[in-house]
Amino acid sequence: MKKKRHLILPILLFGLLLSGCNQKTEEKSSAPSTNETASPAKPAGVPVNIDPALAKKGEALYNQNCIFCHQADAIGKPGFAPSLTNKEFLSVSSDKFLLGTIRDGRPGTGMPPFAHLGRSQVEAIVAFLRSHSTEPNISAIVDAQPDAHGDPRLGKLWFDQICSTCHGFDGDGYSAGSTGTAIGKAGFLNKVSDGFIRHTIVYGRSNTRMLGFKGPAAMANLTDSEIDDIITYLRTVPSKS
Ligand code: HEC
Ligand code: HEC
């Protein structure tokens, strides 16, 4: 039974995704968004406290260095640069992840390194981004989740059928003409925990093409072990390419 489902469901989904994936705009798709209703309850996190003066300084730095790609108010531009004010993104991101990603950029993608700004200026930018938070920060809880120990061969099957339609084969991201980021590259994988990836797969990111993958109304209702298969596979990608 289980084997059969692995073959039939991805084929059905593939057509569904192809029809929805090439849209240039981020309008709400007709597929039901499951972020608010059908997904399991999110863990409770810690409230976000921002120093307004620091955030103001960060806003000026953001407008000088980041706005060209990430757009005004960091809402992002599909297929070009992701949103940095998306609520799920901010709530799951630790300071360490944000500071490190901005400092080092993501080699092989459009995201350049900003080490030359120095730590205190990057901290100000992070305060500006965090000032858009509407949910508590859950990064400590999510990063403490156990690592995935799934079956990479099954994970590749799911990845190629579902995820690659937006993230590109091998998770190459925008450079492959896709709408999703380069989740198969080391610049992303070396900075995130398996919990970060798992949480993003389950809950998605509202108002983007990244819908959640859990619950009866999801784009595909993946089980916990199927999600871990995908994460286990993703971890093998950069060492191969
Ligand atoms: C030249 C365009 C460009 C500029 C300028 C730029 N970024 Fe990016 N940024 C990108 C792209 C493209 C990605 C996605 C890379 C990928 O595919 O993984 C990205 C990804 C990110 C991410 C990870 C987001 C996620 O969803 O995981 C963060 C954080 C980020 N940028 C912050 C910044 C900040 C802060 C600045 C300014 C200091 C900045 N970026 C400037 C293009 C840019
Ligand atoms: C319909 C298109 C689409 C599909 C299918 C899709 N994604 Fe995404 N995904 C996106 C977009 C778009 C983003 C970035 C959202 C943004 O711009 O803020 C994203 C973001 C992510 C991120 C966060 C990456 C980062 O840079 O922080 C992860 C992890 C992720 N997706 C995993 C997956 C996995 C695993 C699958 C398959 C089960 C999948 N996605 C399927 C469109 C998609």
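Residues numbered from 1 in each chain as written. Chains lettered and ligands numbered in written order. Predicted model: local features only at pLDDT ≥ 70, side-chain atom pairs only at ≥ 80, totals over all residues. Heavy atoms only, no water.

Remarks on the site of ligand 2
Of all residues adjacent to ligand 2, which total 24 residues, the nearest are Cys-163, Cys-166, His-167, Arg-205 and Met-210. Here an oxygen atom of ligand 2 and a side-chain polar atom of Arg-106 are 3.0 Å apart. Separating a nitrogen atom of ligand 2 from a side-chain N or O atom of His-167 is a distance of 2.8 Å. Among the elements of the structure, helix H1 (2-21), helix H8 (152-167) and helix H10 (194-203) are those that each provide at least two residues to the shell around ligand 2. The element that contributes the greatest number of residues to the shell around ligand 2 is H8, accounting for five residues. When grouped by side-chain class, the residues that make up the shell around ligand 2 number 13 nonpolar, eight polar and three charged. (Near = heavy atom within 4 Å. Polar contact = N/O pair within 3.5 Å; in protein donor to acceptor, adjacent residues only side chain to side chain. Helix = DSSP H or I, 4+ residues; strand = E, 2+ residues; numbered from the N terminus. Nonpolar A, V, L, I, M, F, W, Y, C, P; charged D, E, K, R; others polar.)

Let's talk about the site of ligand 1
Lining the immediate surroundings of ligand 1 are 22 residues, of which Cys-66, Cys-69, His-70, Arg-106 and Met-111 lie closest. One of the side-chain N or O atoms of His-70 is found 2.8 Å from a nitrogen atom in ligand 1. Take Arg-106: an N or O atom from its side chain is 2.8 Å from an oxygen atom of ligand 1. In terms of residues, the shell around ligand 1 owes the most to one element, helix H5 (residues 95-104), which gives three residues. Among the residues making up the shell around ligand 1, the classes are represented as 14 nonpolar, six polar and two charged.

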